[in-house]
Amino acid sequence: MTQHTPKQPLRRFLYQNGLSLVITAMVLLTLGGQTLTGWHDYNDERQDLHLSALSLGEYVTSGHWVEATFENWESEFLQMALYVMLTVSLRQKGSAESKKLDEEEEVDREPDASKSDAPWPVRQGGAVLWLYKRSLSLAFFLLFLGAFFLHALGGTEVYNIEQQAHGKPPVDLLGYMATSRFWFESLQNWQSEFLSIVSIVVLSIWLRQQGSPESKPVDAPHDETGK
């Protein structure tokens, strides 16, 4: 069934941006839920350590909130960065998430600067074009590094509060990053993201979802590779 773009401006905007709007709303709702439940949970922990409770405003600037938030974000950005990079050259026979096995695809062609609607970096060429050709993976890697740093920064604050409550010496940022606790927090999230990647890559060989661009057509054979 063919869908037509609505003519009314608001409906057209919602139709054209529905995917990002819905997912952004889901992010905000779950982040709000995480904040409220984390606030209560952390105040329970602080009570056990004989420390004063934090207000909600104090909590969202605390190391606990920063650590909990960016610990998860770092794994998401790492997942997407690696997925973008790995799908450039690696293949999986039968997967909807793979490029075709023996064919050049549209994404492989060199950019055409003569196109009237080509983005500015394509028309500019040189180093600007070199960066633009890699901008998606670079952006995800930079976001990963930023989230990784904030995870470590927030974790250091929480760790030192616990250390001092137990009469132990505090550590600096690098000292916290050298602890098994920091790497346990990171690796438990990384492995779950890698599992989600291999799940969509492998399950899309045999399973279908009609109407989804992440699936092959329902009547496509299992060994057909790509969309």
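See above for the structure.
Residues numbered from 1 in each chain as written. Predicted model: local features only at pLDDT ≥ 70, side-chain atom pairs only at ≥ 80, totals over all residues. Heavy atoms only, no water.

## Quick word on the overall build of the protein
Consideration 1: Assigned secondary structure in the protein consists of eight helices and zero strands.
Consideration 2: Along its sequence from the N terminus, the protein presents helices and strands in the succession α-α-α-α-α-α-α-α.
Consideration 3: Taking 227 residues into account, the globule formula puts the C-alpha radius of gyration at 17 Å, and the protein, at 23 Å, lies well above it.
Consideration 4: Across its three principal axes, the protein shows a C-alpha extent of roughly 65 × 40 × 40 Å.
Consideration 5: Counting the 227 residues in the protein, one finds 30% classified as buried.
Consideration 6: In the protein, of all internal contacts separated by at least 6 residues, the share reaching a separation of at least 24 is 55%.
Consideration 7: Element-wise, carbon and sulfur atoms account for 64% of the exposed surface of the protein, whose accessible area totals about 15,100 Å². (Helix = DSSP H or I, 4+ residues; strand = E, 2+ residues; numbered from the N terminus. Rg over C-alpha atoms; globule rule 2.2 N^0.38 Å. Buried < 20%, exposed > 50% of the residue type's maximum accessible area, 1.4 Å probe, protein only. Contact = heavy atoms within 4.5 Å. Areas by Shrake-Rupley, 256 points an atom, 1.4 Å probe, with all protein chains shown as cover.)

## Looking at helix α8 (residues 180-206)
Each α-helix turn comprises 3.6 residues. Residues three or four places apart therefore point the same way.
Consideration 1: Over its 27 residues, α8 runs 39 Å from end to end, which matches the ideal 39 Å to within 8%, given 1.5 Å per residue.
Consideration 2: Every buried residue belonging to α8 is among F182, E185, S186, N189, W190, E193, I197, V201, S204 and I205, and all of these are buried.
Consideration 3: Tucked inside the fold, the buried residues of α8 contact α3 (63-89), α6 (135-165) and α7 (173-177). (Expected span 1.5 Å × (residues − 1).)

## Quick look at the packing of aromatic side chains
Each aromatic ring pair is summarised here by two numbers: the centre-to-centre distance and the angle between the ring planes.
Consideration 1: A complete count under the given rule lists 11 aromatic pairs for this structure.
Consideration 2: With centroids separated by 5.6 Å and ring planes inclined at 40°, the aromatic side chains of F144 and F148 adopt a geometry described as tilted. One end of the pair is F144 and the other is F148, both in helix α6 and four residues apart, which spans about a single turn.
Consideration 3: Summarising the aromatic geometry, the rings of F148 and F182 are spaced 5.3 Å apart at their centres and angled 70° between planes, so their arrangement reads as edge-to-face. With a gap of 34 residues between them, F148 in helix α6 and F182 in helix α8 connect regions that are remote in the sequence.
Consideration 4: Through successive ring pairs, a cluster of aromatic residues spans F144, F148, Y159, Y176, F182, W183 and W190. (Phe/Tyr/Trp six-rings, centres within 6.5 Å; stacked < 30°, edge-to-face > 60°.)

## Remarks on the environment of W206
Consideration 1: In this fold, W206 is placed in helix α8.
Consideration 2: Along the backbone, W206 and K216 are 10 residues apart, and their C-alpha atoms lie at a distance of 9.3 Å.

## Brief notes about the layout of surface pockets
Rolled over the atoms, a probe with the dimensions of a water molecule shows which regions are left empty.
Consideration 1: Considered as a void within the structure, the largest pocket measures approximately 1,200 Å³ in volume.
Consideration 2: V88, E106, V107, D108 and K133 are, among the 34 residues lining the largest pocket, the residues nearest its centre.
Consideration 3: Within the residue set of the lining of the largest pocket, elements represented by two or more residues are α3, α5 (126-133) and α6.
Consideration 4: Residue classes in the lining of the largest pocket are distributed as 15 nonpolar, five polar and 14 charged.
Consideration 5: Looking at the second largest pocket, its volume works out to about 210 Å³.
Consideration 6: In this structure, the second largest pocket is lined by Y83, L86, T87, L90, R91, Q92, E97, S98, I197 and V201.
Consideration 7: Put simply, the parts of the chain that give the lining of the second largest pocket at least two residues each are α3 and α8.
Consideration 8: It is α3 that provides the largest number of residues to the lining of the second largest pocket, a total of three residues.
Consideration 9: Partitioned by chemical class, the residues of the lining of the second largest pocket number five nonpolar, three polar and two charged. (1 Å grid on protein atoms, 1.4 Å probe; cavity = no way out; pocket = protein on both sides within 12 Å on 5 of 7 lines; lining within 4 Å. Points joined across faces, edges and corners; volume = space filled by probe spheres on them. Nonpolar A, V, L, I, M, F, W, Y, C, P; charged D, E, K, R; others polar.)

## Quick notes on unusual backbone geometry
Consideration 1: The backbone phi angle of H50 is positive, close to 65°, even though this residue is not glycine.
Consideration 2: By secondary structure assignment, the location of H50 is in the loop between α1 (9-48) and α2 (56-59).

## A word on the packing of α3 against α6
Consideration 1: At their nearest, the axes of α3 and α6 sit 7 Å apart, and the two run at 155° to each other. Judged on the interaxial angle alone, α6 and α3 are roughly antiparallel. For α3 against α6, the interelement crossing comes out left-handed.
Consideration 2: Across the contact of α3 with α6, the residue classes tally to 19 nonpolar, six polar and four charged. (Axes fitted to C-alpha atoms, helices over the stretch in contact; angles between N-to-C directions. Parallel < 35°, antiparallel > 145°, perpendicular 65-115°, else oblique. Left-handed = near helix turned anticlockwise from the far one by under 90°.)

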